[in-house]
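Here is how the chains run, residue by residue.
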Amino acid sequence: MDLVVQSPDELIAAVPHVLGFKPEESIVLMPITKGLPCARVDLPTTASDRDGVSRALRVPYGQHARPGAMVALVCVTEDRRSAELASQHIAAGLAEVGVETKLRLWANGQRWVELDTGASGYQSQQAADRMAATTVLAGAVQPAANRDSLAASLAGDHEPVAAVLPAAHDAAENSTPGRERDWALDRLEQFHADGRRLSDPEAARLLLAVKTTATRDALWEDMSRENTSSHIALWTDLTRRAPDEVRAAPAALLGFSSWLNGDGARAWCALDQVPADQPYPLAAIVASALQNGLHPREWERANATMREIAGELDESYVPDRRLGSVNRHLNEPGMRGGPRPGDGPNRAAPGR
């Protein structure tokens, strides 16, 4: 999705559409040049937190920095002083790895101030409407009210599937892993064709099937950037319906398909659905991709390598949650134009 922005007002209005939700008490790093990811971090309010955020962001941005790399920092908060200090700290850290901060904006929902120059203005409804219209025409899902509401959309009623799991267990014991894998692939193909929601017995059967690594990998290998919408629909539904004992696999598959679609926010919310007492290698792979700002195109370029990495991980692997909380929504949105008239056009990478 390409978004053309011509003013600070429009840049701020674009942020929720890039992230997938309206941020609160946050700093959002918006790429101005090709190849950089977008990230949202909780607004750090202490010197220690500012140091931690700056260090964590230098890793992925340093990996993607190229000559002339630039970002804009959008601070969404009522706390202008914390926005000033934190954005200065982050900008200094990014400069160390070759990324220039072109613009530092403070926005409180009504006004914006360009922190380097003191220029200011109002957040207009016209800019918000234009960004919304642009994304609607592009077929993008409109942003959630906040991150909590996005996360809540993945929580559903587990009881109906839980009620039929015992029967599904009995049926699986009388089947074979190969037969269950073939059925799962056939049911996935049917879902791609008609989008029909799985019945409770079908959902229970598929959730048990993907607990087997070979079956899960067969469905994982079906994913491409052309069919992510279908995979996201399937795994969102199954994550919402899955009891804890069978939720890790669908949540990780939802995380991966969301990342592959450029939706880092949904990917992290999906990983949060993996039960805390069930470390899961595929979830670790997705977390690593998010934390390092890996572009989804790298999956099709080097997926064999990624699969080898997945094979090397064991159940004791736990993603770095400190980094995860910092680089919570790494993806690469499509942005063109600039925050001010006269800035050069930017390339639009596949994003939300």
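Check the entry above for the structure.
Presented here is an overview of the structure given in this document.

### Observations regarding the environment of Asn-227
Mapped onto the elements of the fold, Asn-227 is located in the loop between α9 (213-221) and α10 (228-241). With relative accessibility at 15%, the residue Asn-227 sits in the buried group. Each C-alpha atom, one on Asn-227 and one on Leu-260, is 9.9 Å from the other, the two residues being 33 residues apart in sequence. Discounting chain neighbours no more than four positions away, the residues touching Asn-227 are His-192 and Asp-222. At 2.9 Å, the side chain of Asn-227 forms a polar contact with the backbone nitrogen of Ser-224.

### Side note on the packing of α10 against helix α11 (residues 248-260)
Two elements in contact, α10 and α11, have axes whose closest approach is 8 Å; the angle formed by their N-to-C orientations is 150°. By the criterion of interaxial angle, the relationship of α10 to α11 is roughly antiparallel. The crossing of α10 and α11 is left-handed. Contact residues: α10 offers Thr-228, His-231, Ile-232, Trp-235, Thr-236, Leu-238 and Thr-239, while α11 offers Pro-250, Ala-251, Leu-253, Leu-254, Ser-257, Ser-258 and Leu-260. Within the contact of α10 with α11, the residues separate by chemical class into 8 nonpolar, 6 polar and no charged.

### Considerations on helix α1 (residues 8-19)
Counted at 1.5 Å a residue, the expected span for α1 with its 12 residues is 16 Å, and the 17 Å between its end C-alpha atoms agrees. Within α1, 12 of the 12 residues are buried, which leaves the element mostly enclosed by the surrounding structure. Inspection of α1 places Pro-8, Asp-9, Glu-10, Leu-11, Ile-12, Ala-13, Ala-14, Val-15, Pro-16, His-17, Val-18 and Leu-19 among the buried residues, and these make up the whole buried set. Gly-20 lies just past α1 and shows a positive phi near 95°.

### Some points on a negative patch on the surface
Taken together, the side chains of Glu-24, Glu-25, Glu-78, Asp-79 and Asp-148 present a region of like negative charge at the surface. Tracing the sequence through the fold places Glu-78 in the loop between β4 (70-76) and α3 (80-96). A relative accessible area of 56% means that Glu-78 is categorised as exposed.

### Regarding the pairing of strand β2 (residues 26-31)
Where a strand is regular, its side chains alternate between the two sheet faces. In terms of burial, β2 is largely enclosed, as 6 of its 6 residues are buried. Here β2 shows two buried faces, one formed by Ser-26, Val-28 and Met-30 and the other by Ile-27, Leu-29 and Pro-31. Strand direction decides the pairing type here: β2 and strand β3 (residues 39-42), joined by 4 bridges, are antiparallel. Bridging from a neighbouring strand, Leu-29 pairs with Ala-39 of β3. Bridge analysis of β2 against β4 gives 6 bridges, and the strand direction is antiparallel. Considered in β4, the bridge of Ser-26 is made with Val-76.

### So, the sheet that holds β2
One open sheet accounts for 6 strands, arranged β3-β2-β4-β5-β6-β7; its pairing is mixed. Two strands lie at the open edges of the sheet, namely β3 and β7 (120-122), each paired on one side alone. On average, each strand axis in the sheet is tilted by 20° relative to the strand beside it, whichever way the strands run. Both strand β5 (residues 100-107) and strand β6 (residues 111-114) contribute to a ladder of 3 bridges, which runs antiparallel. Counterpart to Leu-105 in the pairing with β6 is Glu-114. α3 contacts β2, β4, β5 and β6 of the sheet and is inclined by roughly 170° relative to β5.

### As for the pattern of salt bridges
Considering all chains together, one arrives at 16 salt bridges under this definition. Glu-84 serves as the salt-bridge partner of Arg-104, at 3.0 Å between the closest nitrogen and oxygen. Of this pair, Arg-104 sits in strand β5 while Glu-84 sits in helix α3, and the two are 20 residues apart along the sequence. By relative accessible area, which is 6% here, Arg-104 ends up buried. For the salt bridge of Arg-205 with Glu-180, the shortest nitrogen-to-oxygen distance reads 2.9 Å. Residue Arg-205 is found in helix α8 (residues 200-209), and its partner Glu-180 is found in helix α7 (residues 177-194); the two are separated by 25 residues along the sequence. Judged by its relative accessible area of 30%, Arg-205 falls in the partly exposed class.

About the criteria used
Residues numbered from 1 in each chain as written. Predicted model: local features only at pLDDT ≥ 70, side-chain atom pairs only at ≥ 80, totals over all residues. Heavy atoms only, no water. Helix = DSSP H or I, 4+ residues; strand = E, 2+ residues; numbered from the N terminus. Buried < 20%, exposed > 50% of the residue type's maximum accessible area, 1.4 Å probe, protein only. Contact = heavy atoms within 4.5 Å. Polar contact = N/O pair within 3.5 Å; in protein donor to acceptor, adjacent residues only side chain to side chain. Axes fitted to C-alpha atoms, helices over the stretch in contact; angles between N-to-C directions. Parallel < 35°, antiparallel > 145°, perpendicular 65-115°, else oblique. Left-handed = near helix turned anticlockwise from the far one by under 90°. Nonpolar A, V, L, I, M, F, W, Y, C, P; charged D, E, K, R; others polar. Expected span 1.5 Å × (residues − 1). Patch = residues over 30% accessible without salt bridge, like charges linked within 9 Å, V, L, I, M, F, W, Y side chains within 5 Å. Areas by Shrake-Rupley, 256 points an atom, 1.4 Å probe, with all protein chains shown as cover. Salt bridge = Lys/Arg side-chain N within 4 Å of Asp/Glu carboxyl O. Lys, Arg positive; Asp, Glu negative; His and termini not counted. Charge placed at Lys NZ, Arg CZ, Asp CG, Glu CD. Pairing = 2+ DSSP bridges.

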